[in-house]
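# Understanding the architecture of this molecule
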Amino acid sequence: MTVLDRRSNRLGVWGWLGGGRWGMERYAYILHRITGLAILLYLLLHIVVTSFRVEGIYLWTGNGFLHSPVFEMGEYLVFAAFAYHACNGLRLVLVELGVAVGKPTEPVFPYKTSLNVQRPLLIGMMFLALILVAMGAYAELIG
Amino acid sequence: MNRTRLWILHMAAGVVLFLVLGMHMAIMHLGGVSHLFAPYAGTADSIQNSLFRDRMPFFTVSYVLLLGVALFHGLYGFRTILFELTLKRAAERAITVVLLVVGLGLFALGTWAAVAAHGMALAGVKG
Ligand code: HEM
């Protein structure tokens, strides 16, 4: 009997970006990963920076170090990343629960893919993300 | 806890984040439009507006909740990405330990700060 080696079909770093069929969902997934990592990095720094307020140090206000246009712009990008990650993440949870993926059908040629069935949900969620990104920009401009 | 359970928890954390982080973002980033929980002039992150929220127990509790859920969701997600490389078991274990230490450490720091800030805001600290 052959022994299965769990490392025999490893893709390594290529598995992060390549592999699999490239469709709209693939790009959605890559962006989900990038935005997830970006907001995680922000979160780790954010916890430390905001904890300083106990010492009366508010780095993000007045003449604080973080109160410069570059950091304000960066904060807006974090908001945009959140808007995308949240909307796409909710879509992933819904799809995982079997919402909007259609009923299973017999695998008869020509085969149908459920991707086409759940695509309207993707488009709807991207639309929602776009609205949030635009609202954020508007609030930033008038705020 | 087995991996399937942790993964379900990761998904559930995403849903909780959608609500709690959604509220946080609506207050902090859509403040120009929403003016939620920021009665003083200036931006939602001004010192006066921060102290106003820090005074309310609701915010202290929701900050600690957000802190825990976001740290778990983010770090567990990062761990998943690293584990996709099919590492050696020892490396996987080391990653788990490092992420646990980072997560618990930042959770302790953030919780302490949220509770202390609440006390200071109640005591009437001026910004
Ligand atoms: C706003 C609400 C959020 C929702 C609904 C959400 C949802 C999700 C879901 C469903 C996944 C799993 C994707 C998959 O397995 O294919 C995921 C992955 C991830 N999330 Fe979130 N998330 C949210 C917020 C956050 C936050 C605040 C952070 C950072 C602290 C974060 C960091 C990550 C990371 C690093 C991953 C792993 C990405 C990957 O495996 O490609 N997420 N998120």
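We now turn to the structure provided with this report.

What counts as what
Residues numbered from 1 in each chain as written. Chains lettered and ligands numbered in written order. Predicted model: local features only at pLDDT ≥ 70, side-chain atom pairs only at ≥ 80, totals over all residues. Heavy atoms only, no water. Axes fitted to C-alpha atoms, helices over the stretch in contact; angles between N-to-C directions. Helix = DSSP H or I, 4+ residues; strand = E, 2+ residues; numbered from the N terminus. Left-handed = near helix turned anticlockwise from the far one by under 90°. Contact = heavy atoms within 4.5 Å. Nonpolar A, V, L, I, M, F, W, Y, C, P; charged D, E, K, R; others polar. Near = heavy atom within 4 Å. Polar contact = N/O pair within 3.5 Å; in protein donor to acceptor, adjacent residues only side chain to side chain. Phe/Tyr/Trp six-rings, centres within 6.5 Å; stacked < 30°, edge-to-face > 60°. Buried < 20%, exposed > 50% of the residue type's maximum accessible area, 1.4 Å probe, protein only. Parallel < 35°, antiparallel > 145°, perpendicular 65-115°, else oblique. Buried area = accessible area lost by both parts, 1.4 Å probe. Salt bridge = Lys/Arg side-chain N within 4 Å of Asp/Glu carboxyl O.

### Things to note about the packing of helix α2 (residues 24-51) of chain A against helix α5 (residues 89-122) of chain B
At their nearest, the axes of α2(A) and α5(B) sit 9 Å apart, and the two run at 35 degrees to each other. Crossing angle aside, the handedness with which α2(A) passes α5(B) is left-handed. Between α2(A), through A:L44, A:I47, A:V48 and A:S51, and α5(B), the contact on the second element is made entirely by B:L106, B:L109, B:G110 and B:A113. Its residues assigned to classes, the contact of α2(A) with α5(B) shows 6 nonpolar, 2 polar and no charged.

### Comments concerning the site of the ligand
In the vicinity of the ligand, 25 residues are found, and the nearest of them are A:H32, A:R33, A:H85, B:G14 and B:H73. The environment of the ligand is shared, with nearby residues belonging to chains A and B. With respect to the ligand, the side chain of A:H32 contributes an N or O atom lying 3.2 Å from a nitrogen atom. A:R33 has a polar side-chain atom sitting 2.6 Å from an oxygen atom of the ligand. Listing elements by their share of the shell around the ligand, those giving two or more residues are α2 and α3 (69-96) of chain A together with α1 (3-28) and α4 (57-83) of chain B. Of all the elements, α3(A) adds the most residues to the shell around the ligand, at 7 residues. By residue class, the composition of the shell around the ligand is 15 nonpolar, 9 polar and 1 charged.

### Here we look at the packing of aromatic side chains
Under the counting rule described, the total for this entry stands at 9 aromatic pairs over all chains. Their ring planes at 55 degrees and their centres at 5.4 Å tell us that A:F65 and A:F71 sit as a pair that is tilted. Ring centres of A:F109 and A:Y111 lie 5.7 Å apart, and the angle between their planes is 90 degrees; this geometry places the pair in the edge-to-face category. Summarising the burial analysis for this pair, A:F109 and A:Y111 share the class exposed. Through a chain of ring-to-ring contacts, three or more aromatic side chains come together here, namely B:F37, B:F58, B:F59 and B:Y63.

### Description of the packing of α2(A) against α4(B)
Where α2(A) contacts α4(B), the axes come no closer than 10 Å and their chain directions differ by 135 degrees. Taken together, the axes of α2(A) and α4(B) lie oblique to each other. Helix-helix and strand crossings are classified by hand; for α2(A) and α4(B) the assignment is left-handed. Note on element contacts: α4(B) touches α2(A) through B:L67, B:A70, B:L71, B:G74, B:L75, B:F78 and B:I81, opposite A:R33, A:L37, A:L40, A:L43, A:L44 and A:I47. For the contact of α2(A) with α4(B), the per-class residue count stands at 11 nonpolar, 1 polar and 1 charged.

### Thoughts on the interface of chain A and chain B
In this complex, chain A contributes 38 residues to the contact, which on the side of chain B involves 43 residues. Buried area between chain A and chain B, summed over both chains or domains, comes out near 3,600 Å², and the portion from carbon and sulfur atoms is 72%. Inspection of the chain A/chain B interface yields 2 salt bridges. Between B:D54 and A:R53 there is a salt bridge, and its shortest N-O distance comes to 3.0 Å.

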